Amino acid sequence: MSGQYWFPNMPIPEIMTALSEWGLNVSNEQLVRPSSDFVIGVYNACLEQVTSISPNMLHKPTQRALASVDDTNPDLYNNAISHNLMLYHLYDMSTRFATSARIMDFSSRDLSAPEPERTRFILSAFINFVKFAEQCTTFISNVREKSAQVIEEREQIIQELSEVQHNLAVLKAQRAKDEPKCEQLKEENAAMTTQLLAAKEVHTGLTKEIESLKIERAHLQARNETINSESALLMDNNSRTRSRIVQSPERIRRNIMIMGTTAIEDKKAVALHEAKARDLQAKISALVNIEKDVRSCIEQLQTTEKEVQLLEGSQKELAELKDSLEYKKVECGELQKKTERVHKQLGNAQEKLERAQRHAEEKRQASQQTVERLQRDYEKMDIERRENDKQVEELRMEASDIETKMAEHLKKSEAELNELLTEYWKLRHETEVYMETLANKLNMNVSSD
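Conventions we followed
- Residues numbered from 1 in each chain as written.
- Predicted model: local features only at pLDDT ≥ 70, side-chain atom pairs only at ≥ 80, totals over all residues.
- Heavy atoms only, no water.
- Helix = DSSP H or I, 4+ residues; strand = E, 2+ residues; numbered from the N terminus.
- Buried < 20%, exposed > 50% of the residue type's maximum accessible area, 1.4 Å probe, protein only.
- Contact = heavy atoms within 4.5 Å.
- Areas by Shrake-Rupley, 256 points an atom, 1.4 Å probe, with all protein chains shown as cover.
- 1 Å grid on protein atoms, 1.4 Å probe; cavity = no way out; pocket = protein on both sides within 12 Å on 5 of 7 lines; lining within 4 Å.
- Points joined across faces, edges and corners; volume = space filled by probe spheres on them.
- Nonpolar A, V, L, I, M, F, W, Y, C, P; charged D, E, K, R; others polar.
- Phe/Tyr/Trp six-rings, centres within 6.5 Å; stacked < 30°, edge-to-face > 60°.
- Polar contact = N/O pair within 3.5 Å; in protein donor to acceptor, adjacent residues only side chain to side chain.
- Arc of directions from axis to C-beta.
- pLDDT = per-residue confidence, 0-100.
- Expected span 1.5 Å × (residues − 1).
- Patch = residues over 30% accessible without salt bridge, like charges linked within 9 Å, V, L, I, M, F, W, Y side chains within 5 Å.
- Salt bridge = Lys/Arg side-chain N within 4 Å of Asp/Glu carboxyl O.
- Lys, Arg positive; Asp, Glu negative; His and termini not counted.
- Charge placed at Lys NZ, Arg CZ, Asp CG, Glu CD.

**Student:** What is the right way to read the overall build of the chain from this model?
**Tutor:** The number of helices and strands found in the chain is nine helices and zero strands. Traced from its N-terminal end to its C-terminal end, the chain shows the element sequence α-α-α-α-α-α-α-α-α. Expressed as a percentage of the 449 residues in the chain, the buried residues total 18%. In the chain, the proportion of contacts linking residues at least 24 apart, taken out of those at least 6 apart, comes to 72%. Carbon and sulfur atoms make up 55% of the accessible area of the chain, which totals about 34,100 Å².

Printed below as a string of structure tokens:
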């Protein structure tokens, strides 16, 4: 275990001081005889210092779990679910946390049945790792931000990929659903195309026949008009000749016979013309029926053309869907490449983090050596300070003796000075009395200053 652990062991007072800085009042008895609740609370505090995960953050998941419980009294499970959630997060994250603190054999036994020496050992590693993390706050925050951005991009890419896959599945289902209809429409289109070609051929033949019949009808109408005009002229000529002809019975008979024969011939011609007219009328009615059939064929052709246009539009839409599917496939490939790049970036960031951790570990070792050197210097200074304290105490004692002697000397000096002052004022008074008496005897005016 010592080969895996890089952080030094801390004495109990330093552990208590470090935990008190985080607002945890820990006694010596709790560290000597640790309990499961005490260890979980302290490990939670360590986790909260590094990962900002506290028991209060698990309140909402606990409430959601209670809401999913099908029971009339869900409050009975409140403490159990809260405890299990905390143990799960603590154990899962503590394992990674302990690995980062170079404790490779951390297990649930350290939570349920803690041992005093091992608990102090783990707490020393956790506290040193938290202090190291506090020193690298800027770098860790940058790495966390980059990791959060990578996770968000990954989730966004996964969501976009799922949407693309869903759209692709919908398009495939729609395509599979439309394929029988497309085949049916193709068959109907081919059948209608053949019918249309046959109807076009029939229409062209009927159109030619109608044109020929119209031309023949026009000729017959023109001939009928000429015959009517000729008959009118003959009637006029007949009336004129009758007016000029001498009335002879035989000639009249001959004329009547001739006119009878001509009338019979004219009747025959009229009957023939009437028969031809009836034939023409029948042909015209047949042509009208044919024209109606042709119109219905044209209407069917128009509906067929519309359906063909719709089929072409659906084929265009199918081609556009195929193009969009290809485009989505290309986008999916690009997203996969982007995901690979993001994974590579994440691996590079992890490598940078490991290098930074190794660099920080080297710095920590150097700082640990510096701390040990300073500790040795401090111990030397402590010894020197104790010697200086002894010398200072001796000097203080000497100073106190000198002060007492000075006080006694001052008292004596003040007493002697007071005596001298009393003698001075007494002598001065006697001198002034002597001067006045002397001035009085010598009759001199002496002013006292």
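Read on for the rest.
**Student:** I keep staring at the layout of surface pockets and nothing clicks. Help me out?
**Tutor:** If a probe as big as a water molecule is rolled over the atoms, it shows which places are left empty. Of the pockets and cavities examined, the second largest pocket occupies roughly 530 Å³. Contributing to the lining of the second largest pocket are 19 residues, with S231, L234, M235, T262 and D266 lying nearest its centre. Only α8 (137-244) and α9 (249-442) provide two or more residues apiece to the lining of the second largest pocket. If you tally residues by element for the lining of the second largest pocket, the top one is α8, at 11 residues. For the lining of the second largest pocket, the residue count by class is seven nonpolar, eight polar and four charged.

**Student:** Hey, could you run me through the packing of aromatic side chains in this one?
**Tutor:** By the definition in use, this model includes one aromatic pair. Plain terms: the ring middles of Y424 and W425 are 5.3 Å apart, the flat faces sit at 70 degrees to each other, and that makes the pair edge-to-face. A relative accessible area of 46% places Y424 in the partly exposed class.

**Student:** Where do I start with the side chain of N128 in this structure?
**Tutor:** Topologically, N128 is positioned in helix α7 (residues 116-135). With relative accessibility at 18%, the residue N128 sits in the buried group. In terms of polar contacts, N128 uses its side chain to reach the backbone carbonyl oxygen of S124, at 2.8 Å.

**Student:** I tried to follow helix α1 (residues 12-21) on my own but got confused; where do I start?
**Tutor:** Three- or four-residue spacings in an α-helix give side chains the same orientation, since the helix completes a turn every 3.6 residues. For α1, every residue scored as buried is listed here: I12, I15, A18 and L19. Seen from one end, α1 has its buried residues packed into an arc of 125 degrees, which puts them on one side. The exposed residues of α1 that point more than 90 degrees off its buried face are P13 and E21. Backbone geometry just downstream of α1 places G23 in the positive-phi region, at approximately 85 degrees.

**Student:** I would appreciate a short explanation of the confidence of the model for the chain in the present structure.
**Tutor:** As a general rule, the predicted coordinates of low-pLDDT regions are not to be interpreted in detail. For the chain, per-residue confidence averages 78 on the pLDDT scale, and residues scoring 70 or more make up 82% of the total. By mean pLDDT, helix α5 (residues 78-100) is the weakest element of the chain at 58, and α9 is the strongest at 82. Note on residues 1-5: pLDDT under 50 across the span, and 11 contacts to partners over four residues away in sequence or across chains.

**Student:** For this particular structure, what's the right way to read α7?
**Tutor:** Between the first and last C-alpha of α7 there are 28 Å, a value that for 20 residues agrees with the 28 Å anticipated at 1.5 Å per step. A large share of α7 lies buried, amounting to 15 of its 20 residues.

**Student:** Quick question: what am I supposed to make of a nonpolar patch on the surface here?
**Tutor:** Where nonpolar side chains cluster on the molecular surface, the patch consists of L417, L420, L421, Y424 and W425 and spans about 550 Å² of accessible area. Structurally, W425 is set in helix α9. By relative accessible area, W425 is classed as exposed at 51%.

**Student:** Even after reading the chapter, I still don't get the pattern of salt bridges, so can you show me in this structure?
**Tutor:** Side-chain pairs of opposite charge can arise whenever the charged atoms involved come near each other. Applying the stated criterion to the full structure yields nine salt bridges. Among the ionic pairs, E331 bridges to K328, the shortest N-O distance being 3.9 Å. Placement of both E331 and K328 in helix α9 is noted, with a separation of three residues, approximately one turn of the helix. A relative accessible area of 23% places E331 in the partly exposed class. Each member of the salt-bridge network shares a partner with another, and the members are D382, R385, R386 and D389.

**Student:** Would you mind showing me how to read a negative patch on the surface here?
**Tutor:** A cluster of acidic side chains, namely E183, E187, E188 and E307, defines a negative patch on the protein surface. Summarising the element assignment, E188 is placed in helix α8.

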